[in-house]
Amino acid sequence: MPIAELRLNRHTPDATVRALDDLLDLYTRVYNVPPYIGDPFFSVDAFRDRLLGATQLNGFECLTAHSGETVVGLIHGVTLPAERTWWTSLGDQRPEAMITAAKAEGVAWLRELMVRPDYGNQGIGRRLHDEWIAERRQRWTALTCIPDNEPAHGAYRRWGYEIIGQIKHADDSPVYDAMVLPATGSPASEEVPPRQRP
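Residues numbered from 1 in each chain as written. Predicted model: local features only at pLDDT ≥ 70, side-chain atom pairs only at ≥ 80, totals over all residues. Heavy atoms only, no water.

K.L.:
Outline the packing of aromatic side chains, supporting the account with residue identities and numerical values.
P.N.:
Aromatic ring pairs are reported here in terms of the distance separating the ring centres and the angle at which the planes meet. Taken as a whole and judged by the stated rule, the model has 10 aromatic pairs. Ring geometry for Tyr 156 and Trp 159: centres 5.7 Å apart, planes at 85 degrees, overall edge-to-face. Exposure class is identical for Tyr 156 and Trp 159. Each is buried. Their ring planes at 70 degrees and their centres at 5.5 Å tell us that Tyr 156 and Tyr 161 sit as a pair that is edge-to-face. Tyr 161 carries the same exposure label as Tyr 156, and that label is buried. By way of ring pairs, the aromatic residues Tyr 27, Tyr 31, Tyr 36, Phe 41, Phe 42 and Phe 47 are connected into one cluster. The residue whose ring lies beneath Arg 50 is Phe 41, and the NZ or CZ to ring-centre distance is 4.7 Å. The ring of Trp 109 is capped by Arg 111, whose NZ or CZ atom sits 4.6 Å from the centre of that ring. (Phe/Tyr/Trp six-rings, centres within 6.5 Å; stacked < 30°, edge-to-face > 60°. Buried < 20%, exposed > 50% of the residue type's maximum accessible area, 1.4 Å probe, protein only. Lys NZ or Arg CZ within 6 Å of the ring centre and 35° of its normal.)

Spelled out as C-alpha coordinates, the structure:
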(Lines give C-alpha, C1' and ligand atoms only; values in the text may rest on other atoms or scores of the structure.)
Protein backbone atom coordinates (compact mmCIF):
# COMPACT_ATOMS: atom_id res chain seq x y z
CA MET A 1 0.00 0.00 0.00
CA PRO A 2 1.54 3.35 -0.97
CA ILE A 3 2.44 5.54 1.97
CA ALA A 4 2.04 9.29 1.76
CA GLU A 5 3.70 10.24 5.02
CA LEU A 6 5.59 8.09 7.50
CA ARG A 7 5.90 9.06 11.16
CA LEU A 8 8.29 7.39 13.59
CA ASN A 9 7.52 7.25 17.30
CA ARG A 10 10.02 6.36 20.01
CA HIS A 11 8.61 4.47 22.99
CA THR A 12 9.75 4.04 26.57
CA PRO A 13 9.13 0.61 28.10
CA ASP A 14 5.90 1.90 29.69
CA ALA A 15 4.71 3.44 26.42
CA THR A 16 5.46 0.16 24.64
CA VAL A 17 3.23 -1.68 27.10
CA ARG A 18 0.47 0.89 26.56
CA ALA A 19 0.72 0.37 22.77
CA LEU A 20 0.65 -3.42 23.16
CA ASP A 21 -2.67 -4.02 21.37
CA ASP A 22 -1.49 -2.20 18.24
CA LEU A 23 1.85 -4.04 18.32
CA LEU A 24 0.14 -7.41 18.66
CA ASP A 25 -2.10 -6.55 15.72
CA LEU A 26 0.99 -5.73 13.65
CA TYR A 27 2.67 -8.99 14.68
CA THR A 28 -0.43 -10.98 13.70
CA ARG A 29 -0.46 -9.41 10.24
CA VAL A 30 3.24 -10.13 9.71
CA TYR A 31 3.44 -13.67 11.10
CA ASN A 32 0.04 -15.05 10.09
CA VAL A 33 1.65 -16.88 7.15
CA PRO A 34 3.53 -20.17 6.63
CA PRO A 35 5.85 -21.37 8.06
CA TYR A 36 5.03 -19.32 11.20
CA ILE A 37 1.28 -19.81 11.46
CA GLY A 38 0.44 -22.65 13.80
CA ASP A 39 3.95 -22.79 15.31
CA PRO A 40 3.71 -22.15 19.07
CA PHE A 41 7.10 -20.42 19.06
CA PHE A 42 5.64 -17.73 16.77
CA SER A 43 2.24 -17.42 18.43
CA VAL A 44 0.89 -14.01 19.41
CA ASP A 45 1.07 -15.03 23.07
CA ALA A 46 4.73 -16.00 22.72
CA PHE A 47 5.51 -12.67 21.07
CA ARG A 48 3.64 -10.80 23.80
CA ASP A 49 5.68 -12.56 26.46
CA ARG A 50 8.97 -11.90 24.66
CA LEU A 51 8.14 -8.23 24.09
CA LEU A 52 7.02 -7.63 27.66
CA GLY A 53 10.13 -9.42 28.89
CA ALA A 54 12.30 -7.22 26.68
CA THR A 55 10.85 -4.05 28.20
CA GLN A 56 12.44 -5.11 31.50
CA LEU A 57 15.92 -5.51 30.03
CA ASN A 58 18.79 -3.03 30.08
CA GLY A 59 18.82 -0.61 27.17
CA PHE A 60 15.34 -1.39 25.81
CA GLU A 61 14.33 0.91 22.95
CA CYS A 62 11.35 0.66 20.63
CA LEU A 63 10.45 2.59 17.49
CA THR A 64 7.20 2.31 15.59
CA ALA A 65 6.36 3.54 12.09
CA HIS A 66 2.92 5.01 11.47
CA SER A 67 0.89 5.82 8.39
CA GLY A 68 -1.93 7.94 9.72
CA GLU A 69 -3.29 6.01 12.70
CA THR A 70 -1.97 2.65 11.47
CA VAL A 71 1.15 1.07 12.94
CA VAL A 72 2.96 -0.25 9.88
CA GLY A 73 6.35 -1.15 11.34
CA LEU A 74 8.22 -1.90 14.55
CA ILE A 75 11.78 -2.30 15.73
CA HIS A 76 12.91 -3.00 19.25
CA GLY A 77 16.00 -4.17 21.02
CA VAL A 78 18.16 -4.04 24.11
CA THR A 79 21.75 -4.06 25.25
CA LEU A 80 23.07 -7.57 24.62
CA PRO A 81 23.81 -9.32 27.92
CA ALA A 82 27.36 -10.67 27.70
CA GLU A 83 26.22 -14.03 29.13
CA ARG A 84 23.11 -14.46 26.96
CA THR A 85 23.00 -18.17 26.11
CA TRP A 86 22.61 -17.83 22.34
CA TRP A 87 25.51 -15.39 22.29
CA THR A 88 27.89 -17.46 24.40
CA SER A 89 26.98 -20.61 22.43
CA LEU A 90 28.80 -19.10 19.44
CA GLY A 91 32.11 -19.37 21.29
CA ASP A 92 35.11 -18.26 19.27
CA GLN A 93 32.99 -17.65 16.17
CA ARG A 94 32.39 -14.23 17.71
CA PRO A 95 34.80 -11.41 16.86
CA GLU A 96 37.17 -10.97 19.81
CA ALA A 97 36.57 -7.23 19.90
CA MET A 98 32.84 -7.87 20.06
CA ILE A 99 33.19 -10.26 23.01
CA THR A 100 35.08 -7.53 24.85
CA ALA A 101 32.49 -4.94 23.84
CA ALA A 102 29.61 -7.10 25.11
CA LYS A 103 31.25 -7.32 28.55
CA ALA A 104 31.22 -3.50 28.62
CA GLU A 105 27.57 -3.29 27.46
CA GLY A 106 28.82 -2.22 24.05
CA VAL A 107 26.66 -4.44 21.81
CA ALA A 108 23.08 -3.66 20.81
CA TRP A 109 20.80 -6.66 20.31
CA LEU A 110 18.19 -5.97 17.64
CA ARG A 111 15.43 -8.32 18.77
CA GLU A 112 12.66 -7.63 16.27
CA LEU A 113 12.11 -5.68 13.07
CA MET A 114 8.86 -6.05 11.16
CA VAL A 115 6.81 -4.21 8.55
CA ARG A 116 3.23 -4.95 7.53
CA PRO A 117 3.30 -6.94 4.29
CA ASP A 118 0.96 -4.49 2.55
CA TYR A 119 3.47 -1.71 3.28
CA GLY A 120 6.52 -3.60 2.08
CA ASN A 121 9.16 -2.48 -0.45
CA GLN A 122 8.92 1.18 0.56
CA GLY A 123 12.05 1.45 2.67
CA ILE A 124 10.18 1.43 5.98
CA GLY A 125 12.26 -1.37 7.48
CA ARG A 126 15.51 0.33 6.50
CA ARG A 127 14.38 3.66 7.91
CA LEU A 128 13.38 2.05 11.22
CA HIS A 129 16.67 0.15 11.34
CA ASP A 130 18.87 3.14 10.60
CA GLU A 131 17.05 5.41 13.04
CA TRP A 132 17.26 2.80 15.82
CA ILE A 133 20.96 2.16 15.13
CA ALA A 134 21.79 5.88 15.03
CA GLU A 135 20.38 6.42 18.51
CA ARG A 136 22.21 3.51 20.13
CA ARG A 137 25.33 4.19 22.18
CA GLN A 138 26.85 0.78 21.33
CA ARG A 139 29.51 0.32 18.65
CA TRP A 140 28.24 -3.10 17.49
CA THR A 141 24.85 -4.56 16.64
CA ALA A 142 23.85 -8.23 16.78
CA LEU A 143 20.69 -9.98 15.66
CA THR A 144 19.40 -13.42 14.79
CA CYS A 145 17.41 -14.22 11.66
CA ILE A 146 15.97 -17.44 10.24
CA PRO A 147 17.98 -18.19 7.07
CA ASP A 148 14.92 -18.57 4.83
CA ASN A 149 13.12 -15.54 6.30
CA GLU A 150 13.11 -13.49 3.14
CA PRO A 151 13.16 -10.65 2.41
CA ALA A 152 14.51 -9.89 5.92
CA HIS A 153 17.59 -12.11 5.70
CA GLY A 154 18.64 -10.67 2.35
CA ALA A 155 18.04 -7.12 3.57
CA TYR A 156 20.30 -7.61 6.59
CA ARG A 157 23.07 -8.91 4.32
CA ARG A 158 22.69 -5.90 2.01
CA TRP A 159 22.81 -3.57 5.03
CA GLY A 160 26.22 -4.93 6.01
CA TYR A 161 25.46 -7.71 8.50
CA GLU A 162 27.78 -10.71 8.51
CA ILE A 163 26.79 -14.24 9.52
CA ILE A 164 29.06 -15.57 12.27
CA GLY A 165 27.27 -18.82 13.14
CA GLN A 166 23.96 -20.51 13.83
CA ILE A 167 22.00 -20.73 17.08
CA LYS A 168 18.69 -21.79 18.61
CA HIS A 169 16.90 -19.55 21.09
CA ALA A 170 15.11 -22.47 22.70
CA ASP A 171 14.57 -26.19 22.19
CA ASP A 172 11.37 -25.47 20.25
CA SER A 173 12.78 -22.62 18.16
CA PRO A 174 14.03 -22.87 14.59
CA VAL A 175 17.70 -22.49 13.74
CA TYR A 176 18.77 -18.87 13.32
CA ASP A 177 21.74 -17.22 11.67
CA ALA A 178 23.59 -15.06 14.19
CA MET A 179 24.53 -11.84 12.41
CA VAL A 180 26.66 -8.87 13.42
CA LEU A 181 27.03 -5.34 12.11
CA PRO A 182 30.12 -3.23 12.81
CA ALA A 183 29.47 0.49 13.15
CA THR A 184 31.16 1.43 9.88
CA GLY A 185 30.13 -1.57 7.82
CA SER A 186 33.73 -2.79 7.74
CA PRO A 187 34.47 -6.49 8.31
CA ALA A 188 33.38 -7.60 11.77
CA SER A 189 36.90 -8.75 12.63
CA GLU A 190 38.32 -5.24 12.32
CA GLU A 191 38.43 -2.60 15.01
CA VAL A 192 36.01 0.23 14.31
CA PRO A 193 35.51 3.58 16.04
CA PRO A 194 32.56 4.00 18.43
CA ARG A 195 29.26 4.80 16.75
CA GLN A 196 28.60 8.52 16.95
CA ARG A 197 25.26 9.96 17.94
CA PRO A 198 23.87 12.56 15.50
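K.L.:
Break down the sheet that holds strand β7 (residues 175-182) for me, with residues and values.
P.N.:
The pairing of strands in a sheet happens through backbone hydrogen bonds and is either parallel or antiparallel. The strand order across the open sheet formed by 7 strands is β1-β2-β3-β4-β5-β7-β6, and the pairing between neighbours is mixed. This sheet does not close on itself; its edge strands, each paired only once, are β1 (7-11) and β6 (162-168). The mean inter-strand angle of the sheet, taken between neighbouring strand axes irrespective of direction, is 25 degrees. When strand β3 (residues 70-79) meets strand β4 (residues 107-115), the two strands line up antiparallel, connected through 7 bridges. Bridge pairing in β4 links Leu 74 to Met 114. Running over the sheet, helix α6 (residues 124-135) touches β1, β2 (61-67), β3, β4, β5 (140-145) and β7 and is turned about 160 degrees from β4. (Pairing = 2+ DSSP bridges. Helix = DSSP H or I, 4+ residues; strand = E, 2+ residues; numbered from the N terminus. Axes fitted to C-alpha atoms, helices over the stretch in contact; angles between N-to-C directions. Contact = heavy atoms within 4.5 Å.)

K.L.:
Any chance you could break down the nonpolar core for me, citing the residues and the numbers?
P.N.:
Counting residues in hydrophobic clusters, the biggest one holds 38 residues, and the most contacted among them are Phe 42, Trp 86, Trp 87, Val 107 and Met 114. Discounting chain neighbours no more than four positions away, the residues touching Val 107 are Val 78, Thr 79, Leu 80, Met 98, Ala 101, Ala 102, Gln 138, Trp 140 and Ala 142. Judged by nonpolar contacts, the second largest core, of 21 residues, contains Leu 110, Tyr 119, Met 179 and Leu 181. (Core = buried A, V, L, I, M, F, W, Y, C linked by side-chain atoms within 4.5 Å.)

K.L.:
Outline the confidence of the model for the chain, supporting the account with residue identities and numerical values.
P.N.:
On average, the chain scores 90 in pLDDT, and the residues at 70 or more come to 90%. Confidence over residues 184-198 falls short of pLDDT 50; this stretch has 36 contacts with residues more than four positions distant or in other chains. (pLDDT = per-residue confidence, 0-100.)

K.L.:
Describe the pairing of β4, with residues and values.
P.N.:
With 8 of its 9 residues buried, β4 lies for the most part within the structure. Sheet analysis places β4 next to β5, joined by 3 bridges and oriented parallel. Bridge pairing links Val 107 to Trp 140 in β5. In this region the chain leaves β4, passes through α6 and returns to the parallel neighbour β5; the handedness of that crossover is right-handed. (Right-handed = clockwise from strand over helix to strand, strands pointing away.)

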